[in-house]
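Observations on the three-dimensional arrangement
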Amino acid sequence: MDSTGHRNSLHDKIGSNYFEKICLRGVSNLNAMCGDRLWAFERAVGAFLEGFDDREERNVQTKTECEKLCLFETSFTCRSAEFDESINICRLSREDRRSQPAAFRRQPGSTVDYLENQCVRSLPDCRYNVREGTAVISMDELQFAASQGECEALCDQARGFTCRAFTYAMEEKRCYLSGDDSISLSSAPLIAKRDAVYAEKQCSISQCEDGLFTFEKVTGHFLRSAQQVGLAMAASPGVTLECGARCLEAGSDCPAFTLDYNSMKCFKLDRNTQGRGSELSAREGQSYFEKICLRGNVRGCEGRAWAFDRRPGKELRGFDDLKLPLVQSRRDCMEECLAQRRFDCRSAEYDTQTAECRLSSEDRRSRPSDFVDAPSTVEYLENQCLPSESRCNFKSVPNSYPRYLDIVLSLVSDEVDCERRCYEYSDFICRSFSYYPSGSQCFISGDDRGSAGNEALMSRPGTNYYERSCLVAGGPGPGTSPSNPQGRCAVGRAEFEKVTGYELQGQREYPLLRGHNPGLAVQCANQCKIDPRCHGFNFNYKLNECTALEGDADPTRIDIRQVPGVAYFEGVCLRGAGCGMAWTFERHVNRELRGFTNAHYITGSKTECEDRCLDERSFICRSASYSYRRQECRLSSEDRFTQPQAFEMSMDSDYLENQCIPPVGRCAYRNFQRDRQLIYTDKSLSAFSDSSCQHACDVEREFMCRSYTFLSTVGSNTNQCLLSASVAAGTEQAFKLQNGALYAEKQCGSLQPPEPVPPPGRPGSDPGSRYPSGTDQDGVLSPYPCRYTLTYEKIAGAAYGNAQREPIRTRADIGISGECLIKCGQLRHRCLAVSLENVRGGRQRCYSIERSADSDGGLLTSAPELAYFQKICLQGRICPKAWAFTRVPSYELNAPNAIEIKNMFGRRQCQDQCLQESRIVCRSATYYGRDRVCKLSPDTRRSLPQHFRRAAGDVDYMENECAQRKFLKSYLWPVRMKLEYG
């Protein structure tokens, strides 16, 4: 007997699976469709996928007929079906409960059954979430494995069923494979098992929303565990672009492809490496391309045939500019590289074992001797989305041509024309070429001996192989680079500093660029960089034209004249870490930031001072003031916006503002002015509304956008959104009248750093204190800038809902608080707090919050299922724990042995006092805001629960997580209480 006619007899039972034979009449090629699958469909009674029906068939009499329709569907890949036996309707879908988990509905008692096709290929983008001490509920296959990694590989290679989870028992060396996961088991609790590891595969058919589908390339390798299907190519030789386009069109049916350059054949694969480089094997003349989805700063990757070169088991040793711990995946590491603004990230390394991502401004071509073998868990990733190095030399090898031939260009006149085509080619970075004169063809390759070794060349008498040779920025010795094409900088990169309201006189000049739409500053800077005669330029905002200058400014500044409506862009050679901005510094002549010096140096030049600021690591250098007379460089974590009262005149100094550091804190738009247009337009865009223009200013990446003007009444041929790096204040003759215009400037959250260091001997002063007399309490609570130690405080059962939050991706879904806080720390000022949520099934998730209750002076709300962590800056010595204090608002510990300290200016100073206290072991502190009193105690709410009680709204109890615990003689019942906030 089966369930036909007895559907209501099927009941849920954890740990039990029901298998039912089905007869698919007329299906003669089932083996070709399903292979060695032990079951063809998974059935969920009383369930359906809402909103993703691609085809609907009526008058379908049985569930089996519906399953046949899914198997035979050819217009799309049918991953699931629904059969409603009450109305005889069958609905087919290209999605399933794993690709669209939010749309999966269970409705007990309904007449609809969900049917999931097990004969389609598994979703390609997979990773494993691991839990220790648990085991699978339903085991479908038992294998023996020497390690957890081997067990994982057995799960990936299972053919009898789609393996969705496994348990590896270390002592038994047994590998338990299962076709079920938390989705099919409805999050049923797992079985406890000592010395075992449970891993659940999470796969997705990435729709790549707000992202870009592209490829990563592994030269000279193939994927040994994949099945391949040949694709017919129209072009030969040189099929790389066509093969990539065909794979993108195939969607999830092509997660990767292999290119055989020897036979010029392309093969789509049924799987990818799933995060493991160990599956790749070396093979001369073949390259493996894996489809990836990249999000974030992907503009440079658009139109590129592949975004990264990947090399397993290799690393660039000794040139890590930035190390990021606990990065979830290799693709996340790539996105971190693309998002980097402090320097041009040319390469990265990802360690799958430690989840560490290392970013570098160098690559295997700029440092070939340091490109060395690494453990198998390390993968080298080279960014192909940066602009191609221009004005490089080519080294020739006679009687050879590229083995890894990617494209053939026709109608090429000679080798010079072929070289030019290589320079200008944009679908990938052309690294080598050969000219074939009899066919007037240019053979172009994205590989060279740097990526393929000696295999990059093949013998061909009478043909010359040319390989690009560039000394990129940051490489050894002087030379040309993308940012220094002329070789004008003997050391460093060619960058610009902008001097608004001034022009350089007395130099030979010539027209550089002129345009109809206002805002050519970025284009002028780019044009000047590639012009060997251009040392800088004057930009006339009123005429919307820039004039190139063939010489540099005099060091005495005698040839710089103040002229409203003009900006002088001076070419400078910088060695410090760059960020890719159109200009790296904004310079204000005869100005300085007085009284906020974090470090000072004696330097020989202004540019050396700028290098010091760019390379500063002990604090965030937002600005520098350089004294020509004293040759003194003063670096500051403040700027003219955070400390406007300190921005003063100084006849022998220039103020230099670092454009690589974004504003701190929440930003809003102020100083709205109607019918007035700011003259100093650096970029113009088309926009339909004031809000879209404001958004354009927020996301601008080529310069620091500080204001915008929206023109509501201009013609269709004129850009309506005018972006500017300037603001009205301090800018001479900044506006012109314009009917229908709306001007607004960006103002970001004010910073409250330490007061200037007072002179020696001042009574009552503490040179190292963060809390001088009269300090505003809210200002002290802001975590940035932090000259001391940045950590967290935890408030259980609380939430802050007045700020935007973004999900944080974690490697697991339980015990994730430490990982969440580390990732928030990596986001710096973009994440001031973290919300940790406990969700159904014992799982957890967390979110980054762009502002905190302390930075906004806002109130927390009660949320029993949440934990709220916010960044705090502490002066006192702390421990390496994930958070330093646990705070309970509106509670106090009225302990009899407490030390009372008066004239405390805020909670943070009270916490610092607790950490620094030497008379007792301070295990908790209570701060009374109204009375400015801090009480320190060697006890906590656990050791003295009878003294822990509710208090007024201005009172906070804070438990020191860094103090050694006080051991109790007996177990105490926890105090039950309801927390109420604001």
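You'll find the structure just up there.
Below is a summary of the structure that appears in this document. As the structure is a prediction and not an experimental result, all values here were calculated from the model.

1. Quick word on the pattern of salt bridges
- Counted under the stated rule, the structure contains 82 salt bridges.
- Ionic pairing is found between Asp448 and Arg365, a salt bridge with its closest N-O pair at 2.8 Å. On the criterion of sequence distance, the pair formed by Asp448 in the loop between strand E29 (441–445) and helix H7 (449–452) and Arg365 in the loop between strand E22 (356–360) and strand E23 (371–373) is long-range, its members being 83 residues apart.
- Close ionic contact of Asp682 with Lys498 constitutes a salt bridge, the shortest N to O distance being 3.2 Å. On the criterion of sequence distance, the pair formed by Asp682 in the loop between strand E42 (667–678) and strand E43 (683–685) and Lys498 in strand E32 (residues 493–504) is long-range, its members being 184 residues apart. Comparing Asp682 with Lys498 shows no difference in burial state: the two are buried.
- One salt-bridge network, in which partners are shared between bridges, spans Glu42, Arg97, Arg98, Glu116, Arg164 and Asp181.

2. Some remarks on the sheet that holds E42
- Spatial strand order, E42-E46-E44-E45-E43: five strands in an open sheet with antiparallel pairing. Edge positions in the open sheet fall to E42 and E43, since each of these has one partner strand only. Each strand axis lies, on average, 20 degrees off the axis of its neighbour in the sheet, ignoring direction.
- Bridge count between E42 and strand E46 (residues 735–748): nine bridges; the pairing is antiparallel. Paired with Gln677 across the two strands is Lys736, which belongs to E46.
- Taken strand by strand, helix H10 (residues 690–699) contacts E42, E43, strand E44 (707–711), strand E45 (721–724) and E46, and its axis lies near 150 degrees from that of E44.

3. Things to note about the pairing of strand E58 (residues 955–960)
- Among the six residues of E58, six are classified as buried, and the element is accordingly described as predominantly covered.
- Residue alternation in E58 divides its side chains into two sets, Val955, Tyr957 and Glu959 and Asp956, Met958 and Asn960, and both sets are buried.
- Examined bridge by bridge, strand E52 (residues 885–889) and E58 share five bridges and lie antiparallel to one another. Each residue of the ladder has a partner; that of Arg887, found in E58, is Met958.
- Pairing of strand E55 (residues 924–928) with E58, which is carried by five bridges, proceeds in the antiparallel orientation. Bridged to Tyr928 within E58 is Val955.

The rules behind these values
Here the residue index of a chain counts from 1 through its sequence in written order. Local features in a predicted model are, by the rule used here, given only for residues with pLDDT of at least 70; side-chain atom pairs are given and counted only at 80 or more, and totals for whole chains, interfaces and linings are based on all residues. Excluded from the side-chain calculation are hydrogens and water; included are all heavy atoms of the structure. Salt bridges are defined as contacts in which a side-chain nitrogen from Lys or Arg sits within 4 Å of a carboxyl oxygen from Asp or Glu. Strands are runs of DSSP state E lasting at least two residues, helices are runs of H or I lasting at least four, and both sets are numbered from the N terminus onward. For the exposure calls, accessible area comes from a 1.4 Å probe over protein chains only, and a residue counts as buried if that area is under 20% of its type's maximum, exposed if over 50%, partly exposed in between. DSSP calls a pair of strands paired once it identifies at least 2 bridges connecting them. In this analysis, axes come from line fits to C-alpha atoms, helices being fitted only over the stretch in contact, and the angle between any two N-to-C directions falls in the range 0 to 180 degrees. The contact criterion used is simple: two residues touch if any of their non-hydrogen atoms lie within 4.5 Å.

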